Structures are given as C-alpha cells and as structure tokens.
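Okay, here's what each chain looks like letter by letter:
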Amino acid sequence: MLSHSFSSQEVKLTHSLLLRGEMAQKGVQLDRETFSCSICLDLLKDPVTIPCGHSYCMKCITQHWDGELIHSCPQCRQSFTPRPVLLKSTMLAALVEELKKTGPPPAPADLCYAGAGDVACDVCTGRKLRACKSCLVCLASYCDQHLQPHYESPVFRKHKLVEPSKKLQENICSRHDEVKKLFCRTDQQSICYLCSVDEHKGHDTVSAAAERTERQRELEGSRLNIQQRIQDGEKEVKLLQQEVEAVNGSADKAVEDSEKTFTELIRLMEKRSSDVKQQLRSQQKREVSRVRELQEKLEQEMAELKRRDAELKLLSHTEDHNQFLLSYPSLPALSEATHSSSINIRPLSYFEDVTAALSAVRDKLQDVLREEWTNVSPTEVEVLLSAAEPTTRAGFLTYSQEITLDPNTADTQLVLSEGSRKATFMEQEQPYSRHPDRFTYYPQVLSRESLTGRCYWEVEWRGRGVGVAVSYKNISRAGELESVFGINDKSWSLECNQNRYSFIYNSIITPVSGPPSSRVGVYLDHRAGVLSFYSVSETMTLLHRVQTTFTQPLHAGVRLYGYDYGATAEFCKLK
C-alpha cells in the first residue's frame, strides 16, 4: 500500500524524520495540550483567540461558525453578537512552531499498543502501535511516531488527516485498485478514474470533493432548516408553557375565589343558624316562663280548693243542725277559676312553623344552586379558559398562521399570485384542469392548510366587497347555493362591503356594525369553538364572535363579488 501511495523521495524523507521523532524530547504533553485546538485536536494552525479568551485554528472556528445562527465558544458556550472578526495571533503561532520542532510526545507504553477494537498503525512491524490518525491521501493509518512526516515535511502538508478509521480500503476501487476520487451522479456511487472511462462512460461524473461540497451545502441548508424549526419549536414550547402558567394561575385564582365565596356562604349560614337558634331559645324561655307562671297559679288555686273542700267536708259531718246552719253562711265565696282558654297552652308542635319555614328556605337554596351550577360546570370552565382571547394585536400575532391558497379549489375566474396568497378576480376564465375540489359556480377558494388549535390571520381586500370565511373541507363545490360560503352549515362568512358588514351562517344573515377597514383579522380557537372577526387599522375592533362546536378541521377561504373584475383578496404575511 505504501509503495502505491508514496514516491521514493517521500519514503526516504519518512525514514529520516522517523529517526528524529524517536529522539523527540519528553515532558511536553501539557504544553501540546495547551496549544492544541479543541475542535480538530491538533496543534493550532493559524491560531486565533476569540473574545472569551479561548484559542482555535482559524479554519476550524470559521467552519464551526459558518451556518450557525448563534456564534458561541465551543468550550465555554459564551455567545457573541455580532460575529467576532478573527485575526491571527502571531505569538501563539510562534510558540506552536517551536512545539512542532520537538515532535509529538511518546504515549505511555501501556496505552500505545493496538487492542482488539483499535485501528493499528500500518507502518509498525511486530507488535503494532495504536494509530492516532488516518490519512485520506496515503490511505494508511499512523501511530504518533510514524505520523511525524505529515507534521514536518512540506510534501505531506496537503494530506487530509482524520480520526483513525478501519474503512480506508473502501476508498480503493476493488476492480482497478485505484483511489476513488470521482463520484458518479448517475449511479450515485464513488468511482475511480478508470471506472469513469469504462462502465461509467457517458455518466454524469464529478470529483468526490465537488460532490462533497454540494452535499455539504445541502447539509448546511438542512441544518439551518432544522435549527430554525428548533427555534420555532422552542418559541411554541415557551408559548405553551406561558399558557400552562396562565391556566394554572387562572385555576388557582378561581379555586381561591370559590373557597372564599363558599366560606362566606358557610359563615352566613352559620350566622343565620345561630340567630335562629338564639331566637328559638329566647322564645322557648318566654313560653316556659309563661307556662310556669300559669302552673303556679293553678297549683295555688288547687291548694285553696283542697283546703275549702276539707272545710266543707268537716261542716258536712256536723250533726247539730243549728250549728251547721250557723256556720254555713260564714263560708267565703270561691274565687273565679282560671279557664284553659286563658292559659292558652299550645301543642308540642309549637315550633313546627319555624321548621317548615327553614325547610322552604333550604329548598329554595337548593334550587338556586342547582340552576346556577350549570354556569360553572367543568365543561364551561374549560371553554372559558380556552377561549380567552388576546387583548392586543401583538398578542394575536403570537398565534399568526401562514395561509396559502389551494389552486385545486380556485374558481376558474380567479388567478393566484404572491406565492398563492393572493386571489384576483378576472373576466377571462383560466385554463385550469378539472379537479373534484374546484369551486365551479362562485369566485371563491380555500386554503391548503387545515386549521386546528389557536391561529390568527389577516386578509387585505380591494374592490366592491369580499367574503372572509372558514369552512369544512367537505363543503359542496358545485351548485348555486349549497357551495357559497355561509349559505350552509359547513361554513361561516363575514361579508365585507365598502360601508357595512354582515355575518352569514346556514343562510342566516346577521347585520354587523364596526369601523370600515380594508383589512380583516380572523382569530380561531378550534378546541373552544371560538371564531372572531376583527376590523384591523391603527386599532383592532371586534366585529363578530361565534361560539359553537367545530366537528372537523377548518380551512380559511375568500369569495370575491361577481363582475367585480380586478378585485383582490390577499392573506397577509404576518411574520
């Protein structure tokens, strides 16, 4: 392999430099690490120092920053804005040149020999040392000592060194035993020069380096796209986190307010209960006192009557008639008896009227709670939380949705432009192909994008009027009425004229008042069933809001007025 890749002069130079490498000084490991690039892991080449103090090869840090949206240090991650201007450090370059003269330090003996999973040096004889680099030009792998010519000889300066690889032989054509330096785009494979004039003759071939450059460009483009999507995703995650925090905050506030309200209700009920209890006990005390007084009076009357009865009994047993007749007139008259009507004793159900009154209050309270609770049911709470709309245009723009029009749905008198964001009504029909999704009766069109979740867009219009609409995809595409936005139960349309607005759904027209504007904003919260239309000028004015339940994804749409040739409706770029 070496005789294939090296000239005789290179072989002679290699042997002379190997002797020098074996005599290299020891004890410079720390210095080499200090003056090594953390990207390529080699000694610094054209060293530059960035603002954070770390140093790199100019080529390494330049390639690292190319294609990056954020320019940061690979070691400490400090970012810089704008991108720093790189200047070669002459002092570091001089120190690195001095280190190169000493050669690479020998590794400890117990770590040098190649193991089962290591790449072995192709130059070593006997027990092979572990390779530290592979050369894509020589197609060989070298240990620290045998790599020395690549560091010190100008002959090898242009050789490409990479991390040790066991796949170097894959770069050799198995048929012609030549290095694969070309790439066949026709067959999408690496080939050697002889292959290009043999079985790949006439194919589209380029150098492997050129193909790598183009693929690298595509790769960088893919990375930029991925990084942009990551940034967009992080933004959306942040917005979702903010929404989570808003939901949690709103729920915590609602729980706190509900607990406070129920606490107040409980305190009020306890106060009422205490008042009723106190009133009942006070009434009880009064009634018991009145009854006790009557009881004592009756007991006194009973005692007096018993005493009189005893006197009369004694008199009735007198045998002397004269004595009886003499004593009888002297008996005092009886006092008037206390009648039960004056006592006015009530039955044991005296307080049943209070119990009945409290029962009536309880029933009324239950009815109120049962009737009002439907307004704070879990479903309603979810809708209220989800339907919270932004209060500023900046807030709406956080939900901005890019809308493009689907040419397969456009009526033949509509011309799409501005990247399929603008529709223009033309007098002449366009030679569009037949398509089952195309509207055939009115100049209207639907968006490519299906809309779910929260989204916001704006429509700029010119002409006599426009219908700004949302619709299910399964709306009819033909027919005089069933296909028109708003004249069915599958679409909702705000009709914008020069001096007035109206809203149409399922053929029901609702007049709408608001300031005239050539720009209309549409806010959709699909889950909450909220659809709002705004007049957009220096301020935003709500024109009409719909609260419903959407059963399918929606598509944005516009309809231009008939015979209004030249009228336009454009979905604005908001980002």
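Keep in mind the model is a prediction, meaning the values are calculated, not measured.

*Asks:* Summarise the overall build of the chain; cite the residues concerned and give the values.
*Replies:* The secondary structure content of the chain amounts to 14 helices and 23 strands. Pairs at least 24 apart in sequence give 58% of the contacts found in the chain among residues at least 6 apart. Of the accessible surface of the chain, which amounts to about 36,800 Å², a share of 54% is contributed by carbon and sulfur atoms.

*Asks:* I'd love a proper account of the pairing of strand 21 (residues 540-547), names of residues and values included.
*Replies:* It is a general feature of regular strands that their side chains alternate between the two faces of the sheet. Here strand 20 (residues 530-536) runs beside strand 21; their pairing, made up of 7 bridges, is antiparallel. Residue Ser535 lies in a different strand from strand 21, and its bridge partner there is Thr541. Taken together, strand 20 and the strand that follows it, strand 21, pair antiparallel across an intervening segment of 3 residues.

*Asks:* Help me get a handle on the sheet that holds strand 9 (residues 189-191), residues and values and all.
*Replies:* Spatially, 9-8-10 is the arrangement adopted by the 3 strands of the open sheet, whose pairing is antiparallel. One side of each edge strand has no neighbouring strand; the edge strands of this open sheet are strand 9 and strand 10 (205-207). Along the sheet, successive strands turn relative to each other by an average axial angle of 35°, direction set aside. When strand 8 (residues 182-184) meets strand 9, the two strands line up antiparallel, connected through 3 bridges. Note that in strand 9 the partner of Cys184 across the bridge is Gln189. Against the sheet, helix 9 (residues 208-316) engages strand 8 and strand 10, with an angle of about 90° to strand 10.

*Asks:* Any chance you could break down unusual backbone geometry for me, citing the residues and the numbers?
*Replies:* The peptide bond linking Thr81 to Pro82 adopts the cis configuration, its omega dihedral lying at 0°. If you trace the backbone, Pro82 turns up in the loop between strand 4 (79-80) and helix 5 (90-102). One non-glycine residue, Asp46, lies in the positive phi region at around 50°. Turning to its location among the elements, Asp46 is positioned in the loop between helix 3 (29-34) and strand 1 (47-49). Under the relative-accessibility criterion, Asp46 is labelled partly exposed at 44%. With a phi angle near 55°, Leu139 is a residue other than glycine that sits in the positive phi range. Positionally, Leu139 belongs in the loop between strand 5 (133-135) and strand 6 (140-142).

*Asks:* Please set out the sheet that holds strand 7 (residues 161-162) residue by residue, giving values where relevant.
*Replies:* Strand order across the open sheet formed by 3 strands is 6-5-7, with antiparallel pairing between neighbours. Each edge of the sheet is formed by a strand with only one pairing partner; in this case those strands are strand 6 and strand 7. In this sheet, strand 7 lies alongside strand 5 in antiparallel orientation, the contact comprising 2 bridges. Note on strand 7: the bridge partner recorded for Ser134 is Val162.

*Asks:* Explain the nonpolar core to me, using residue names and the numbers behind them.
*Replies:* In terms of nonpolar packing, the biggest core is built from 38 residues, with Trp457, Trp492 and Leu531 touching the most fellow members. If we ignore the near neighbours within four places in the chain, the residues touching Leu531 are Val470, Trp492, Val522, Tyr523, Leu524, His544, Arg545, Val546 and Phe550. Core analysis: the next-biggest nonpolar cluster, separate from the first, contains 18 residues, Cys37, Tyr56, Cys60 and Trp65 among them.

*Asks:* Go over a nonpolar patch on the surface with me, naming the residues and quoting the values.
*Replies:* Taken together, the side chains of Phe262, Leu265, Ile266 and Leu268 make up a nonpolar region of the molecular surface, amounting to roughly 370 Å² of accessible area. Mapped onto the elements, Ile266 comes out in helix 9.

*Asks:* Could you give an account of the packing of aromatic side chains, with specific residues and numbers?
*Replies:* The geometry of two aromatic rings is summed up by the distance between their centres and the angle between their planes. Counted according to the given criterion, the structure contains 13 aromatic pairs. Between the aromatic rings of Trp492 and Tyr505, the centroid separation amounts to 5.0 Å while the plane-to-plane angle is 5°, which identifies the pairing as stacked. One end of the pair, Trp492, is in strand 16 (residues 491-497); the other, Tyr505, is in strand 17 (residues 501-505), with 13 residues separating them in the sequence. What makes Tyr505 partly exposed here is its relative accessible area of 27%. Taken together, a centroid distance of 6.0 Å and an interplanar angle of 55° make the contact between Phe503 and Phe533 tilted.

*Asks:* A description of the pattern of salt bridges should follow, citing residues and the corresponding values.
*Replies:* Under the criterion given, the structure shown has 23 salt bridges. Between Arg393 and Glu458 there is a salt bridge; the shortest N-O distance is 2.9 Å. Within this pair, whereas Arg393 is found in helix 14 (residues 393-397), its partner Glu458 is found in strand 14 (residues 454-462), the two being separated by 65 residues in sequence. By relative accessible area, Glu458 is classed as buried at 0%.

*Asks:* I'd like to hear about the pairing of strand 12 (residues 422-425), residue by residue, with values.
*Replies:* Relative to strand 12, strand 11 (residues 414-417) is paired through 4 bridges, and the arrangement is antiparallel. Paired with Leu416 across the strands is Ala423, a residue of strand 12. Hairpin connection from strand 11 to strand 12: 4 residues lie between these consecutive antiparallel strands, with Glu418 at a positive phi of about 55°. Here strand 12 pairs with strand 23 (residues 568-571) via 3 bridges, running antiparallel. From the neighbouring strand, Ala423 faces strand 23, where its bridge partner is Ala569.

*Asks:* Tell me what's going on with helix 4 (residues 58-65), and back it up with residues and numbers.
*Replies:* Considered for burial, the residues of helix 4 that qualify are Cys60, Ile61 and Trp65. Within helix 4, the buried residues cover an arc of 120° as seen down the axis, which keeps them to one side. The exposed set on the far side of helix 4, more than 90 degrees from its buried face, consists of Lys59 and Gln63. Where helix 4 is buried, its residues contact strand 1, strand 2 (55-57), strand 3 (71-72) and strand 4. Phi turns positive, to about 90°, at Gly67, one or two residues after helix 4.

Conventions we followed
Residues numbered from 1 in each chain as written. Predicted model: local features only at pLDDT ≥ 70, side-chain atom pairs only at ≥ 80, totals over all residues. Heavy atoms only, no water. Helix = DSSP H or I, 4+ residues; strand = E, 2+ residues; numbered from the N terminus. Contact = heavy atoms within 4.5 Å. Areas by Shrake-Rupley, 256 points an atom, 1.4 Å probe, with all protein chains shown as cover. Pairing = 2+ DSSP bridges. Axes fitted to C-alpha atoms, helices over the stretch in contact; angles between N-to-C directions. Buried < 20%, exposed > 50% of the residue type's maximum accessible area, 1.4 Å probe, protein only. Core = buried A, V, L, I, M, F, W, Y, C linked by side-chain atoms within 4.5 Å. Patch = residues over 30% accessible without salt bridge, like charges linked within 9 Å, V, L, I, M, F, W, Y side chains within 5 Å. Salt bridge = Lys/Arg side-chain N within 4 Å of Asp/Glu carboxyl O. Phe/Tyr/Trp six-rings, centres within 6.5 Å; stacked < 30°, edge-to-face > 60°. Arc of directions from axis to C-beta.

Remember that the coordinates give geometry; whether it matters functionally is a separate question.
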